[in-house]
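What follows is each chain in one-letter form.
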Amino acid sequence: MRIVVAGGDGFCGWPTALYLSKQGHEVSILDNLVRRKIDDELHSNSVTPIAPLEERVAKWKELTGKDIQVFVGDLNHYDFLTQVFEQTQPEAFVHFGEQRSAPYSMIDREHAVYTQTNNVMGNLNVLYAIKEFAPDCHLIKLGTMGEYGTPNIDIEEGYLEIKHNGRKDVMPYPKQPGSFYHLSKVHDSHNITFACKVWGIRATDLNQGVVYGLHTDETALDPILNNRLDYDGVYGTALNRFLIQAAVGHDLTVYGSGSQTRAFLNIKDTVRCIEIAVNNPADKGEFRVYNQFTEYFSVQELAEKVKQVATQLNVETHIAHLENPRVEAEDHYYHAVNTKLRSLGLEPNLLTDEVLTEIFETILQYKHRVIEENVLPTISWK
Ligand code: NAD
Ligand code: USQ
């Protein structure tokens, strides 16, 4: 299949592009490399050294003989996007290309506006490009479990049957996102729902949980193929951050009580979920929603797991409870459904001590790259 991976230079997009290329698909990466520029803005870095995109793709070609075409440009430049569509004629468009940090979106007005403009307009451009240049193309859009928030009822996969005054209907599941970033994903979902309805576009929204891990079989082939791994208080996510904190001897930064619960999955499952979505396209006009995670944990449970694995490797670790910089429920009900990807064949890589140990040992090799002053959170929701 001809597949464009937008955001294909990022943490989820790069391993996905390699994995799809390995399966024999004709893969093109579209990315404006803004994530690398944001590293400069934040004076931060990936723990793993990451090669320039052109070098990454050349190494992949050298090792596997497979070509990945690269288009460096912005989804918000519609002329550029339409050229990519004309040249690639995509059958699937995998859309990872958004600003994905909740804390970044909460820095100030400018960052909130940037996040929502970049994400919502970029996605709207993709919808128009599909309509105008590739109406059969299947949009596979990365959403987030955080669109739902933490309601006091079970979280379904995108839709909920509601009975009201003696009548019933199946409606989009209510959304209660917790940051301007998470809100941008909700706005995207609404725009996709509408485009599917009025133009007959086929789309799958993958409401992904927090992704942990680093390597896939493909990125592990050579250091030039390294995936990025974020640890700072802005882009680092819970489990990866805790592993890196343990590696450098920093206290694990649990926010508040740590009883807040989130859905998680291994990066190895992210790439497989995308493949499943690619191989099972939505029908024309269908807006399909899958919850893309394999397990859920409280933040405290994650910190304890990391501490246990670090202790087994003779690394002394302490769990700190910081004042929560976010406005979020800490004690709440959490039960979310995730049966659709499983029923299409997803075999989860669960969070075992072996999996944690493997990621931890890789991180230990690079721990000298951690910039310590970036570890604590600096952005407050208030
Ligand atoms: P990332 O920041 O590592 O990668 C995103 C990539 O998109 C970057 O390479 C960036 O340069 C590119 N990009 C951003 N805006 C662009 C634009 N306007 N035009 C072209 N390229 C652009 O993020 P990630 O962790 O790989 O996340 C990818 C997607 O998955 C995001 O949409 C995110 O919301 C979603 N997601 C991520 C996680 C996670 O834990 N990492 C969890 C759930 C959902
Ligand atoms: N947390 C801590 N300590 C830390 C970091 C985070 O306690 O050092 C807590 C947060 O308060 C929050 C939870 O861990 O309760 C998750 O935070 P996170 O930073 O790991 O993840 P989040 O901000 O939700 O965002 C990440 C990705 C985003 C994706 C989302 C999936 O950056 O792109 O959409 O995970 S989800 O959480 O399902 O919405």
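Computed from a prediction, not measured in an experiment: that's the story for all the values here.

Criteria and cut-off values
Residues numbered from 1 in each chain as written. Chains lettered and ligands numbered in written order. Predicted model: local features only at pLDDT ≥ 70, side-chain atom pairs only at ≥ 80, totals over all residues. Heavy atoms only, no water. Helix = DSSP H or I, 4+ residues; strand = E, 2+ residues; numbered from the N terminus. Buried < 20%, exposed > 50% of the residue type's maximum accessible area, 1.4 Å probe, protein only. Polar contact = N/O pair within 3.5 Å; in protein donor to acceptor, adjacent residues only side chain to side chain. Contact = heavy atoms within 4.5 Å. Pairing = 2+ DSSP bridges. Axes fitted to C-alpha atoms, helices over the stretch in contact; angles between N-to-C directions. Core = buried A, V, L, I, M, F, W, Y, C linked by side-chain atoms within 4.5 Å.

Student: Mind showing me how you'd approach the side chain of S179 here?
Tutor: Inspection of the secondary structure puts S179 in the loop between β7 (167-172) and α7 (180-199). For S179, a relative accessible area of 3% translates into the label buried. At 2.8 Å, the side chain of S179 and the side chain of H182 are in polar contact. With residues near it in sequence (within four places) discarded, S179 still touches A102, S105, M106 and W381.

Student: Looking at this structure, how should I read the pairing of strand β10 (residues 252-255)?
Tutor: Along any regular strand, the residues point their side chains to alternate faces of the sheet. Side chains L252 and V254 of β10 all project onto a buried face; the interleaved residues T253 and Y255 project onto the opposite face, where all are buried too. Direction of pairing for β10 relative to strand β14 (residues 319-322): parallel, over a ladder of four bridges. Paired with V254 across the two strands is H321, which belongs to β14.

Student: What is the right way to read the sheet that holds strand β3 (residues 69-72) from this model?
Tutor: Through backbone hydrogen bonds, the strands of a sheet pair up, either in parallel or in antiparallel fashion. Reading across from one edge, β3-β2-β1-β4-β5-β8-β12 is the order of the seven strands in this open sheet, with parallel pairing throughout. With partners counted over all chains shown, the strands left at the sheet margins are β3 and β12 (287-292), one partner each. Each adjacent strand pair in this sheet contributes to an overall mean axis angle of 20°, direction not counted. Note: strand β4 (residues 92-95) against strand β5 (residues 138-144), four bridges, orientation parallel. Looking at the pairing, V94 lines up with I140 of β5. Relative to β5, α7 is tilted by about 150°, and along the sheet it contacts β5, β8 (202-208) and β12.

Student: In this structure, what is going on with the nonpolar core? I would like to understand it.
Tutor: One broad rule of soluble globular proteins: the nonpolar side chains tend to lie buried together. Formed by 33 residues in total, the largest nonpolar core has its most connected members in L30, L81, F93, L139 and M145. Among the secondary structure elements, those contributing two or more residues to this core are β1 (2-6), α4 (78-88), α6 (109-133), α7 and β12. Discounting chain neighbours no more than four positions away, the residues touching L30 are V4, V5, A6, G7, G8, F71, G73, L75, F80, L81 and V84.

Interpretation in functional terms is not warranted from these geometric data alone.
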